[in-house]
Amino acid sequence: MTGEDFFGAPMARNFKTTHWSVVALAGRAQSPESAVALEKLCRTYWPPLYAFIRGKGYHEEDAQDLTQEFFARLLERNEFQVVDSNKGKFRTFLLAALAHFLSNQRDRAAAAKRGGGQFTISLDDIEAERLRYIEPASTLSPDKLFDQRWAMTVLDVALKSLAQEMAAEGRLGQFERLKSFLTEDPVDGDYAKVAADLGARPQSVAVTVFRLRQRYRDFVRAEVAQSLCNPLDVDEEMGHLLKALTL
């Protein structure tokens, strides 16, 4: 299945919740929901921002500290409240803010240590596997590392959303058996083998995979849409995501 096939399908529904609305909530002082809002933000953008910092040459522990401190300072200064969401994509706003933050950090004697900010996200909750894949392992520029890890994170979030939906329907076992076909075409005999394991017909497996791919596309596009103010920009941003995955 080609990238164009996978990412070119239209969204099946409109998605109204955006990262802009989440961070607007996070930026409200004394808001009881602010911690939850920022937690969601960090879950999505911690890996690409960390990868950007590592690409700038910072050591692992310093990059972790700086990523934590960046989010803490961004919230403490209520910078989310003064951002006009109509002027750009959320990922580009965060990247510009991070570059400015790092520039200011260079003027300090030492980076802030882990736990210094009012907000932290437990690194234990970021799986070791995810920490490994966001470590720079190529000669990509920091900006391209950010884009690549952002795209990979979008796919990861979408996959987890699909898994949760399947689990709610009591079909998690089926999903685990079929998820390898979401982005890779089967070779001869693959569907027959899975059908035997599931007690189904190969044709039925093929139909189920087709529907899962459609649903996965929906979740990918929904996650991308959440970072935009204008839903008409989704196709353009999907094209950027596809390009980032092929770096």
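Above this text sits the structure in question.
We now turn to the structure provided with this report. Within each chain, residue numbers correspond to sequence positions counted from 1 in written order. In view of the model being predicted, local features appear only for residues whose pLDDT reaches at least 70, and side-chain atom pairs are presented and counted only at 80 or more, with totals across whole chains, interfaces and linings using the full set of residues. Computation of side-chain values covers all heavy atoms of the structure but excludes hydrogens and water.

Turning next to the packing of helix H7 (residues 142-168) against helix H11 (residues 234-245). Lines are fitted to the C-alpha atoms to define the axes, a helix being fitted only along its stretch in contact, and any angle between axes, read from their N-to-C directions, falls within 0 to 180 degrees. Numbering of helices and strands runs from the N terminus, with a helix taken as a DSSP run of H or I at least four residues long and a strand as a DSSP run of E at least two residues long. Axis separation between H7 and H11 bottoms out at 8 Å; the angle between their running directions is 110°. Viewed along their axes, H7 and H11 adopt a mutual orientation that is roughly perpendicular. Contact residues: H7 offers Asp147, Gln148, Trp150, Ala151, Met152, Val154 and Leu155, while H11 offers Glu237, His240, Leu241, Ala244 and Leu245. Each angle receives one of four descriptions, namely roughly parallel if under 35 degrees, roughly antiparallel if over 145, roughly perpendicular if within 65 to 115, and oblique otherwise. Between two residues, a contact is recorded if the distance between any of their heavy atoms is within 4.5 Å.

What follows concerns the pattern of salt bridges. For this document, the term salt bridge refers to a Lys or Arg side-chain nitrogen within 4 Å of an Asp or Glu carboxyl oxygen. For the structure shown, the criterion picks out 11 salt bridges. In this structure, the salt-bridge partner of Asp197 is Arg177, at a minimum N-O distance of 2.7 Å. With a gap of 20 residues between them, Asp197 in helix H9 (residues 190-198) and Arg177 in helix H8 (residues 172-178) connect regions that are remote in the sequence. When a residue's accessible area, from a 1.4 Å probe over protein chains only, is under 20% of the maximum for its type it is buried; when over 50% it is exposed; and in between it is partly exposed. Look at Arg177 and you get partly exposed, because its relative accessible area is 28%. Notably, a salt bridge pairs Asp185 with Arg213, separated by 3.2 Å at the nearest N-O pair. With a gap of 28 residues between them, Asp185 in the loop between H8 and H9 and Arg213 in helix H10 (residues 202-225) connect regions that are remote in the sequence. Judged by its relative accessible area of 41%, Asp185 falls in the partly exposed class. A relative accessible area of 12% places Arg213 in the buried class.

Looking now at the nonpolar core. Core analysis: the biggest nonpolar cluster contains 50 residues, and Tyr45, Leu49, Phe70, Phe71, Leu94, Leu98 and Leu162 have the highest contact counts within it. Elements with a minimum of two residues in this core: helix H3 (34-55), helix H4 (60-76), helix H5 (90-105), H7, H8, H9, H10 and H11. Other than its neighbours up to four places away in sequence, Leu98 contacts Leu49, Phe52, Ile53 and Phe70. We define the nonpolar core as a collection of buried residues of types Ala, Val, Leu, Ile, Met, Phe, Trp, Tyr and Cys that are connected through side-chain atoms lying within 4.5 Å of one another.

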